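Chain by chain, the residues:
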Amino acid sequence: MTTFNKSFTQQEPIPEAGIERAVAVMRSGRLHRYNAAAGEATETELLEQEFAAYQGSRYCLACASGGYALHVAMRAVGVQPGDKVLCNAFTLAPVPGAIHNAGGVPVFVETTDDFTIDLDDLEHKAAAEDVHYLLLSHMRGHLADMDRLMAICNRHGVIVIEDCAHTMGASWNGKKSGSFGRVGCFSTQTYKHMNSGEGGFLTTDDDEVMARAIIYSGSYMLYERHLAAPPRDVFARIRFETPNYSGRMDNLRAAILRPQLAGLDEQCRRWNALYRVTEAGLRQIPCLRLPERPAAEQFVASSIQFSLPDQREADIRRFLERCEARGVPLKWFGDADPKGYTSRFDSWQYLGEPPSLPHTERVLATMCDMRLPLTFDEADCRLITRIIAEVCDELFSSAAPGAHAN
Ligand SMILES: *Cc1c(COP(=O)(O)O)cnc(C)c1O
């Protein structure tokens, strides 16, 4: 019986150029983002400038994490205690956490069979009088129809903040993910598209939003040092009324991110090559369903999702056990006892009684997820899909003993 032996959580090493720069930062002793030698731009300042250029946004703030960027974005666009904030029901725990941290109240929107936010349900919920914000997660890298989504939000006066933790480098119809809403937020945590252990970005074209975000992030009165920031007079109005929620990036992380940003598009190409091989293999397996991805979606598939739409819970458990025994551990979003990184809306009990979201429940019940780290090659992906095919065949083909009749 063939098994797979590589780790699904093993990322590539940091590029040598990043390691060298990080060592230089450590030798200099100037790790704090505002600790510069005379006339010197720090690694953090330069990284912000470079990421803004990459995104095509006017401004960029580097900060401590993706979740921190989301929290600051909520505050900077004006979310007040008690305000309702629409958000995908299928998302990761830091997203409702960021809304809660800003005093907002998440209102979950249903999920389609293709794993994106349900635009009909969004239209319905955005029409409410007291709803003015959407925190949109491009969860697991799946982009909804952004033209229709923005039309809905504009029609109802809903401000959009994009959570691009899984879409750094992706586009919709040639327009970068993160450039549709008022603010785009990104993560550089180890499992995302650039790796600084922890870290995040917030991008926007809005003067006041960025000025507030910079002060929230802990700039003190050093905001003038920022290179991807609005003119100083924008700060004059708000610098005394914006609290410091200290959450800066430091020069060490920025130093290892700058060479990764230079190589990001090539990494995205490599992820998609792995995805195509994996997707082609999984599409051959009759009991699996893969999402339809529209031509307008230029995704970056650092992971792959599929569902087992016709299977009952007990059969899915057996499927997962057998895959795991052969070295292919899959994430299952249907587990009533959420494990690892949590994405089940009913596990966020600090929000009170979970709302009724029958469609999302049905989608999550049979949905599986697998990372595609760049330490894998195409032969690895073929082996993985072969193992999954064999397990499906053992369990679900009509000839197999124990297959249930239907
Ligand atoms: C990782 C992630 C975040 C938060 O990023 P951190 O940098 O870990 O705080 C937010 N949203 C989604 C969907 C994520 O996967």
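Residues numbered from 1 in each chain as written. Predicted model: local features only at pLDDT ≥ 70, side-chain atom pairs only at ≥ 80, totals over all residues. Heavy atoms only, no water.

**Q** Where do I start with the site of the ligand in this structure?
**A** Close to the ligand lie 15 residues, the nearest being Gly66, Gly67, His166, Ser187 and Lys192. Separating an oxygen atom of the ligand from a side-chain N or O atom of Lys192 is a distance of 2.9 Å. Protein chains shield 92% of the accessible area of the ligand, which is 370 Å² for the free molecule. Elements represented by at least two residues in the shell around the ligand include exactly α3 (66-76) and α4 (94-101). With three residues, the top contributor of residues to the shell around the ligand is α3. Residue composition of the shell around the ligand, grouped by class: six nonpolar, seven polar and two charged. (Near = heavy atom within 4 Å. Polar contact = N/O pair within 3.5 Å; in protein donor to acceptor, adjacent residues only side chain to side chain. Areas by Shrake-Rupley, 256 points an atom, 1.4 Å probe, with all protein chains shown as cover. Helix = DSSP H or I, 4+ residues; strand = E, 2+ residues; numbered from the N terminus. Nonpolar A, V, L, I, M, F, W, Y, C, P; charged D, E, K, R; others polar.)

**Q** I tried to follow unusual backbone geometry on my own but got confused; where do I start?
**A** The phi angle of most residues is negative, glycine excepted, and most peptide bonds adopt the trans form. Notably, Arg140 is not glycine yet its phi reads approximately 55°, a positive angle. One can find Arg140 in the loop between β4 (131-137) and α6 (146-155). For Arg140, a relative accessible area of 15% corresponds to the buried category. The phi angle at Asn173 is positive, at roughly 50°, despite the residue not being glycine. (Buried < 20%, exposed > 50% of the residue type's maximum accessible area, 1.4 Å probe, protein only.)

**Q** I tried to follow the packing of helix α1 (residues 16-28) against helix α9 (residues 251-262) on my own but got confused; where do I start?
**A** The interhelical angle for the contact between α1 and α9, taken along N-to-C directions, is 155°, at an axis separation of 7 Å. Here α1 lies roughly antiparallel to α9, going by the angle between them. Classified by chirality, the crossing of α9 by α1 is right-handed. Counted together, Ala17, Gly18, Arg21, Ala22, Val25 and Met26 of α1 and Asn251, Leu252, Ala255, Ile256, Arg258 and Pro259 of α9 form the full contact between these two elements. (Axes fitted to C-alpha atoms, helices over the stretch in contact; angles between N-to-C directions. Parallel < 35°, antiparallel > 145°, perpendicular 65-115°, else oblique. Left-handed = near helix turned anticlockwise from the far one by under 90°. Contact = heavy atoms within 4.5 Å.)

**Q** Is there a simple way to think about the confidence of the model for the chain in this case?
**A** The predicted coordinates of low-pLDDT regions are not to be read in fine detail. For the chain, the average pLDDT comes to 95, and 98% of its residues sit at 70 or higher. With pLDDT under 50 throughout, residues 402-406 is counted as low confidence; its partners more than four residues away or in other chains account for seven contacts. (pLDDT = per-residue confidence, 0-100.)

**Q** Sorry if this is basic, but what is going on with the sheet that holds strand β12 (residues 331-332) here?
**A** Two pairing modes exist for strands in a sheet, parallel and antiparallel, and in both the strands are linked by backbone hydrogen bonds. Reading across the sheet, the three strands line up as β11-β13-β12 and stay open at both edges, with antiparallel pairing between neighbours. Edge positions in the sheet fall to β11 (303-307) and β12, since each of these pairs with one other strand and no more. Two elements, β12 and strand β13 (residues 367-371), share two bridges in a ladder whose sense is antiparallel. Paired with Trp332 across the bridge in β13 is Cys368. Against the sheet, helix α10 (residues 264-283) contacts β11 and β13, and its axis sits at roughly 15° relative to β11. (Pairing = 2+ DSSP bridges.)

**Q** Help me understand the pairing of β13 in this model?
**A** Consecutive side chains of a regular strand alternate in pointing toward one face of the sheet and then the other. Within β13, four of the five residues are buried, which leaves the element mostly enclosed by the surrounding structure. The pairing of β11 with β13 spans five bridges and is classified as antiparallel. For Phe306, the partnering residue across the bridge sits in β13 and is Cys368.

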